[in-house]
Amino acid sequence: YASTMAHYARGVAFAATGKPADAASELDAVKQAAAAASPADKPVLDIAMHALMGEIAQRGGRLDEAAAHFRAALAIEDGMLYFEPPTWYYPIRHSLGAVLLKAGRPAEAEVVYREDLKRFPENGWALFGLMQTLRAQGKAADALAVDAQFREAWKDADVTLTASRF
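Criteria and cut-off values
Residues numbered from 1 in each chain as written. Predicted model: local features only at pLDDT ≥ 70, side-chain atom pairs only at ≥ 80, totals over all residues. Heavy atoms only, no water. Phe/Tyr/Trp six-rings, centres within 6.5 Å; stacked < 30°, edge-to-face > 60°. Helix = DSSP H or I, 4+ residues; strand = E, 2+ residues; numbered from the N terminus. Lys NZ or Arg CZ within 6 Å of the ring centre and 35° of its normal. Core = buried A, V, L, I, M, F, W, Y, C linked by side-chain atoms within 4.5 Å. Buried < 20%, exposed > 50% of the residue type's maximum accessible area, 1.4 Å probe, protein only. Contact = heavy atoms within 4.5 Å. Axes fitted to C-alpha atoms, helices over the stretch in contact; angles between N-to-C directions. Parallel < 35°, antiparallel > 145°, perpendicular 65-115°, else oblique. Left-handed = near helix turned anticlockwise from the far one by under 90°. Expected span 1.5 Å × (residues − 1). Salt bridge = Lys/Arg side-chain N within 4 Å of Asp/Glu carboxyl O.

1. Some details on the packing of aromatic side chains
Item 1. Applying the stated rule across the entire model yields nine aromatic pairs.
Item 2. Geometrically, the ring pair formed by tyrosine 8 and tryptophan 88 is edge-to-face, given 5.3 Å between the ring centres and 70° between the ring planes. Linking tyrosine 8 in helix 1 (residues 2–16) with tryptophan 88 in the loop between helix 4 (63–79) and helix 5 (92–102), this pair joins segments that are 80 residues apart in sequence.
Item 3. Members of the aromatic cluster, connected to one another through ring pairs, are Trp125, Phe128, Phe150, Trp154 and Phe166.
Item 4. Across from the ring centre of tyrosine 90, 3.8 Å away, lies the NZ or CZ of arginine 165, which sits over that ring.

2. A few points about the environment of alanine 9
Item 1. Note that alanine 9 resides in helix 1.
Item 2. A sequence separation of 43 residues divides alanine 9 from leucine 52, and the C-alpha atoms of the two residues are 8.5 Å apart.

3. A look at the nonpolar core
Item 1. Tyr8, Leu52, Trp88, Ile92, Leu96, Val99 and Phe150 are the most contacted members of the largest nonpolar core, which has 49 residues in total.
Item 2. Among the elements of the structure, helix 1, helix 2 (20–35), helix 3 (42–59), helix 4, helix 5, helix 6 (106–119), helix 7 (124–136) and helix 8 (140–153) are those that each provide at least two residues to this core.
Item 3. Tallying contributions element by element places helix 3 first for this core, with ten residues.

4. A look at the environment of tyrosine 1
Item 1. Within the secondary structure layout, tyrosine 1 lies in the segment before helix 1.
Item 2. Residue classification places tyrosine 1 among the partly exposed residues on the basis of a relative accessible area of 46%.
Item 3. C-alpha of tyrosine 1 to C-alpha of tyrosine 82: the two residues are 81 residues apart in sequence and 19 Å apart in space.
Item 4. Once residues lying within four places of it in the same chain are set aside, the contact partners of tyrosine 1 are Asp41, Val44 and Leu45.

5. With respect to the packing of helix 4 against helix 5
Item 1. Put simply, helix 4 and helix 5 touch, their axes get as near as 9 Å, and they point 160° apart. For the element pair helix 4 / helix 5, the angle class is roughly antiparallel. Where helix 4 crosses over helix 5, the two elements pack in a sense that is left-handed. Across the interface between the two elements, Leu63, Ala66, Ala67, Phe70, Arg71, Ala73, Leu74, Glu77 and Asp78 of helix 4 pack against Ile92, Arg93, Ser95, Leu96, Val99, Leu100 and Lys102 of helix 5.

6. Points about helix 1
Item 1. End to end, helix 1 covers 21 Å across 15 residues, agreeing with the expected 21 Å (1.5 Å per residue, within 8%).
Item 2. In the core, the buried residues of helix 1 are packed alongside helix 2 and helix 3.
Item 3. Positive phi shows up at glycine 18, right after helix 1, with a value of about 75°.

7. Topic: the pattern of salt bridges
Item 1. This structure, assessed with the given rule, holds 16 salt bridges.
Item 2. Measuring nitrogen to oxygen at the nearest pair gives 4.0 Å for the salt bridge that ties arginine 165 to glutamate 55. With a gap of 110 residues between them, arginine 165 in the segment after helix 8 and glutamate 55 in helix 3 connect regions that are remote in the sequence.
Item 3. Among the salt bridges present, the one from glutamate 108 reaches arginine 105, with a minimum N-O distance of 2.9 Å.
Item 4. Taken together, the shared-partner salt bridges in this structure form one network comprising Asp78, Arg93, Glu115, Lys118 and Arg119.

Everything listed here is a matter of geometry and, on its own, says nothing about what the molecule does.
Rendered as structure tokens:
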């Protein structure tokens, strides 16, 4: 499990730094591990596989493909029992919302972020994404209200967001 998550993390890093061949190599390792995983580890490794496939597709400009992989990861995440802390380290909805927004589908992204906020109220990442979707749809008053919520939730943060997922 730990080595597979390291391959996942390296794959995300390679995708983010413009090294698609290296990201694909790490994805192959994640796919192999997911195929051979124990029943206890399989859901998380399948999320890792789809999330990495989504990251690679997004960085390659294949936004519909990325959204499909993030939706597949989301279906797995939603089907898992909730634990505290959650089994997967961040809400996949943040990636799905970001890619939908980037694909020019802000209304769909708004639904994704609102659902995330039902599950994780006042989550700064989701609030930021929601604010972006509202602005993209010309809902200025709603965006201002969410901006106030975001500023309150993010007031002690030391990171400036540009999206709901880096």
